[in-house]
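Each chain, letter by letter, is given below.
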Amino acid sequence: MGNIDLDPAFIQSTEHRPVPKVVEVSEIPVIDLSGIRDESLIISEIGKACEEWGFFQIVNHGVRTELYKEVEIEAKKFFGLESEEKRKVKRDEVNAMGYHDGEHTKNVRDWKEVFDYLVEDNAQVPSSYEPDDKDLRTLTNQWPQHSPQFRKTMEEYAREVEKLSYKLLGWILSSLGLVADKFHGCFKKQLSMVRLNYYPPCPFPDLALGVGHHKDSSALTVLAQDEVGGLQVKRKSDGEWIPVRPCPNAYIINVGDIVQVWSNDRYESVEHRVVVNTTRERFSVPFFFFPAHHVNVSPAEELVSEENPAKFKEYNYGKFFANRNRSDFKKRDVENIQIQHFRIMN
Ligand SMILES: O=C(O)CCC(=O)C(=O)O
Ligand SMILES: [Fe+2]
């Protein structure tokens, strides 16, 4: 039966038509963290996922579902305010915390609005990325005044996810044969922050992205997403963009640049991006587990040997952070700093 003869009653709407090429989607692993499970099993599943994907989802993670629901409610209320109200807590060149609607990833503007806050308020960071400039400045949280509940909810949420992050880091390090708390001290006076992301519907989803392709500079990231979907991960095996299917009450965990360096390249910080759509707004909440500014990052000595020399030179996390937050690279059209710049070519 040719198309011309087809009774229109058969014709599916565009979104439901089968696509000619069926892409086989393999999913990132889902790992069950329930306390009754054998910890060594959890560790080996995490190790395998870090090696193969750099991404995994976790369920039964212990963070209360109702608490995250409150975060979502407060985030929706906040982004629904008049822009004049949101701009009262706008971040600026000096203080990187607060509201922002013009973020760029790799010099292209992202289709999103964000609100950032520190897990440990205040935090010290280098004033400039120049290696010889020893000046520090203070980052401070800015809280919107429209709802007394906002700050309380966000602070409680940050504390819960921070606890989870230490556990996850411990398991990741154990899977590498390292002592679980080897790097815990690096997070005293941490720069960790929570970001509320709001992606409005976009009339040009084929032209713009919610977040352009990037890798996280964190040790690891703990991300909550709603049921809309949009996050895509670059599959290590073939470089295909694979959607991360929303899974109720799960967190998405990804290896960040710091774990890549600590692991001496065993675990890679994998590229990801966010696509937008024309009809549905989307919310997501990443927790970036960042060390203190004075921490110098280099491969764990246990993972370096004559046969397996260090793949990275040491770098200072504070300077890396300051470099990422430079206000001049958009204008100068240069690439922002990457751990690749510290790679040792053997
Ligand atoms: O919204 C998401 O799903 C991911 C956002 C993200 O990758 C980021 O903010 O670094
Ligand atoms: Fe990211």
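Residues numbered from 1 in each chain as written. Chains lettered and ligands numbered in written order. Predicted model: local features only at pLDDT ≥ 70, side-chain atom pairs only at ≥ 80, totals over all residues.

As named in an unreviewed UniProt entry, the chain is Fe2OG dioxygenase domain-containing protein, taken from Vigna angularis var. angularis. Per UniProt, the chain has the following entry under Sequence similarities (unreviewed entry): "Belongs to the iron/ascorbate-dependent oxidoreductase family." (UniProt positions renumbered as here; feature names shortened; annotations may be inferred.)

Participant: Residue-level account of the sheet that holds strand β10 (residues 211-214), with values.
Facilitator: Ordered in space as β10-β15-β12-β13, the four strands form an open sheet in which the pairing is antiparallel. The open sheet is flanked by β10 and β13 (241-243), the only strands paired with a single partner. The sheet shows a mean angle of 20° between the axes of neighbouring strands, direction not considered. (Pairing = 2+ DSSP bridges. Helix = DSSP H or I, 4+ residues; strand = E, 2+ residues; numbered from the N terminus. Axes fitted to C-alpha atoms, helices over the stretch in contact; angles between N-to-C directions.)

Participant: Tell me what's going on with the nonpolar core, and back it up with residues and numbers.
Facilitator: Judged by nonpolar contacts, the single largest core of 82 residues is most densely connected at Phe-56, Ile-172 and Leu-220. In terms of residue count, helix α4 (residues 148-175) provides more of this core than any other element does, nine residues in total. (Core = buried A, V, L, I, M, F, W, Y, C linked by C-beta atoms within 7 Å. Buried ≥ 20, exposed ≤ 12 C-beta atoms within 10 Å, placed from the backbone.)

Participant: Explain the UniProt feature "domain: Fe2OG dioxygenase" (unreviewed entry) in the chain residue by residue, including any values.
Facilitator: When the UniProt feature table is mapped onto this chain numbering, "domain: Fe2OG dioxygenase" (unreviewed entry) sits at residues 182-291. The span residues 182-291 carries 5% helix and 36% strand; its end-to-end C-alpha distance comes to 13 Å.

Participant: How would you explain the sheet that holds strand β6 (residues 113-118) if you had to name every residue and give the values?
Facilitator: A sheet is described by the order of its strands in space; here eight strands give the open sequence β1-β2-β14-β11-β16-β9-β6-β3, paired in mixed fashion. Every interior strand has two partners, whereas the edge strands, β1 (30-32) and β3 (98-100), have only one. Going from strand to strand, the sheet's axes swing by 25° on average, the running direction of each strand aside. By the bridge criterion, five bridges tie strand β9 (residues 193-199) to strand β16 (residues 282-289) in an arrangement that is antiparallel.

Participant: Tell me about the site of ligand 1, and name the residues and values.
Facilitator: Around ligand 1, the surrounding shell consists of Arg-195, Asn-197, Val-211, Asp-216, Leu-223, Gln-225, Leu-231, His-272, Val-274, Ser-284 and Pro-286. Breaking the shell around ligand 1 down by element, the ones donating at least two residues are β9, β11 (220-225), β15 (272-274) and β16. Among the residues forming the shell around ligand 1, the class breakdown is five nonpolar, four polar and two charged. (Near = placed C-beta within 6 Å. Nonpolar A, V, L, I, M, F, W, Y, C, P; charged D, E, K, R; others polar.)

Participant: Account for unusual backbone geometry, with residues named and values stated.
Facilitator: At the junction of Asp-121 and Asn-122, the peptide bond is cis and its omega measures out at -5° in the coordinates. Mapping Asn-122 onto the fold places it in the loop between β6 and β7 (123-126). For Asn-264, which is not glycine, the phi torsion reads 50° and is therefore positive. In this structure, Asn-264 sits in the loop between α5 (257-262) and β15. Given 21 C-beta atoms within 10 Å, Asn-264 falls into the buried group. If you check the backbone angles, Asp-265 has positive phi at about 80° while not being a glycine. Looking at where Asp-265 falls in the secondary structure, it is placed in the loop between α5 and β15.

Participant: Please set out the packing of helix α2 (residues 65-79) against α4 residue by residue, giving values where relevant.
Facilitator: The contact between α2 and α4 brings their axes to 9 Å, and the two run at 135°. Considering their axes alone, α2 and α4 lie oblique with respect to each other. Crossing angle aside, the handedness with which α2 passes α4 is left-handed. Two secondary-structure elements touch here, α2 through Leu-67, Glu-70, Val-71, Glu-74 and Phe-78 and α4 through Gln-149, Phe-150, Thr-153, Met-154, Glu-156, Tyr-157 and Glu-160. Taken together, the residues of the contact of α2 with α4 sort by class into six nonpolar, two polar and four charged. (Parallel < 35°, antiparallel > 145°, perpendicular 65-115°, else oblique. Left-handed = near helix turned anticlockwise from the far one by under 90°. Contact = placed C-beta atoms within 7 Å.)

Participant: Explain the environment of Gly-98 to me, using residue names and the numbers behind them.
Facilitator: By the secondary structure assignment, Gly-98 is in strand β3. Its 22 C-beta neighbours within 10 Å are what place Gly-98 among the buried residues. Residues Gly-98 and Phe-115, spaced 17 residues apart in sequence, show a C-alpha to C-alpha distance of 5.2 Å. Setting aside anything within four residues of it in sequence, one finds Gly-98 in contact with Val-89, Lys-90, Arg-91, Phe-115, Asp-116 and Gln-142.

Participant: Could you give an account of the packing of helix α1 (residues 39-52) against α4, naming the residues involved and the relevant values?
Facilitator: Where α1 meets α4, the axes come as close as 8 Å, and the angle between the chain directions of the two elements is 80°. Comparing their axes, α4 and α1 come out roughly perpendicular. Two secondary-structure elements touch here, α1 through Ile-42, Ile-43, Ser-44, Ile-46, Gly-47 and Cys-50 and α4 through Trp-171, Ile-172, Ser-174 and Ser-175. Classifying every residue of the contact of α1 with α4 gives six nonpolar, four polar and no charged.

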